[in-house]
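Geometric and topological summary
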Amino acid sequence: MKTSDTEAEKAGENAVPESRPSNFIRDIILDDLKTNKFGGRVQTRFPPEPNGYLHIGHAKAICLDFGLADEFGGHTNLRFDDTNPEKEETEYVESIKADVKWLGFHWDGLFYASDYFDQLYEWAVKLVSDGKAYVDDLSAEEIRKYRGTLTEPGKDSPYRNRTMEENLDLFQRMKAG
């Protein structure tokens, strides 16, 4: 779904409609366009996990992601966040694609996060090697306890201070299964 031609689009620029109600994301895009941060390019993505059917929150995200790209003459990619492909079903992928079309939108690119696992793994190794990430062994319940609340700060995981070598070894073993 693309916006209609405007004077700005005809001049080779993205449209900057100022009359619509705004939100912080739209304001960031407007600022980026004013400063030519990305050469006038607007690119969004809708990244659902294909492990179930979409709900109303997804519909809102679709309208935001695709709608803002359309408003500014940009592009939106549909990128499935299939972080566990063995547990995800083709049925959900096809359902999500059908729902996006039903809402009146069309994606410019169709991607799967699993196609980039090798690159994502290399980035994670770099973060661990640089001391910016670590392997944590807390259970989900323990993570909730350590996380903190709106009024009380969380506390560091006891696994946060492992050596880089130990973290890399654990991470490589995780990848190997």
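Predicted model, so just to flag it, every value in this text is computed and none were measured.

**Points about the confidence of the model for the protein chain**
Counting all residues, the mean pLDDT for the protein chain is 90, and 89% of those residues have values of 70 or more. Contacts of residues 1-12 to residues separated by more than four positions or lying in other chains number 20 contacts, the stretch itself having pLDDT below 50.

**Let's talk about the pairing of strand E2 (residues 75-80)**
Looking at chain direction, strand E1 (residues 43-46) and E2 are connected through four bridges and run parallel. Residue Phe46 lies in a different strand from E2, and its bridge partner there is Leu78. On the question of chirality, the crossover connecting E1 to the parallel E2 by way of helix H3 (residues 56-71) is right-handed. Summarising the sheet, E2 and strand E3 (residues 109-112) pair through four bridges and their orientation is parallel. The residue of E3 that forms the bridge with Asn77 is Gly109.

**Remarks on the sheet that holds E2**
One open sheet accounts for three strands, arranged E1-E2-E3; its pairing is parallel. Among the strands making up the open sheet, the edge pair consists of E1 and E3. The average undirected angle you get between the axes of adjacent strands in this sheet is 30 degrees. Packing of H3 onto the sheet brings it into contact with E1 and E2, and relative to E1 it is tilted by some 160 degrees. The sheet strands contacting helix H4 (residues 90-102) are E1, E2 and E3, and the helix crosses E2 at an angle near 160 degrees.

**A few points about helix H7 (residues 164-176)**
With 13 residues, H7 extends 18 Å from end C-alpha to end C-alpha; this agrees with the ideal 18 Å at 1.5 Å per step. Buried-residue contacts for H7 involve helix H5 (117-129). Downstream of H7 by a residue or two, Gly177 has a phi angle that is positive, lying close to 95 degrees.

**Remarks on the packing of H5 against H7**
Remark: H5 packs on H7, axes separated minimally by 9 Å, with the N-to-C direction vectors making an angle of 160 degrees. One element, H5, and the other, H7, form an angle in the roughly antiparallel class. The crossing of H5 and H7 is right-handed. Contact residues: H5 offers Tyr121, Ala124, Val125, Val128 and Ser129, while H7 offers Met164, Asn167, Leu168, Phe171, Gln172 and Lys175. Residue composition of the contact of H5 with H7, grouped by class: seven nonpolar, three polar and one charged.

Criteria and thresholds
- Residues numbered from 1 in each chain as written.
- Predicted model: local features only at pLDDT ≥ 70, side-chain atom pairs only at ≥ 80, totals over all residues.
- Heavy atoms only, no water.
- pLDDT = per-residue confidence, 0-100.
- Contact = heavy atoms within 4.5 Å.
- Pairing = 2+ DSSP bridges.
- Helix = DSSP H or I, 4+ residues; strand = E, 2+ residues; numbered from the N terminus.
- Right-handed = clockwise from strand over helix to strand, strands pointing away.
- Axes fitted to C-alpha atoms, helices over the stretch in contact; angles between N-to-C directions.
- Expected span 1.5 Å × (residues − 1).
- Parallel < 35°, antiparallel > 145°, perpendicular 65-115°, else oblique.
- Left-handed = near helix turned anticlockwise from the far one by under 90°.
- Nonpolar A, V, L, I, M, F, W, Y, C, P; charged D, E, K, R; others polar.

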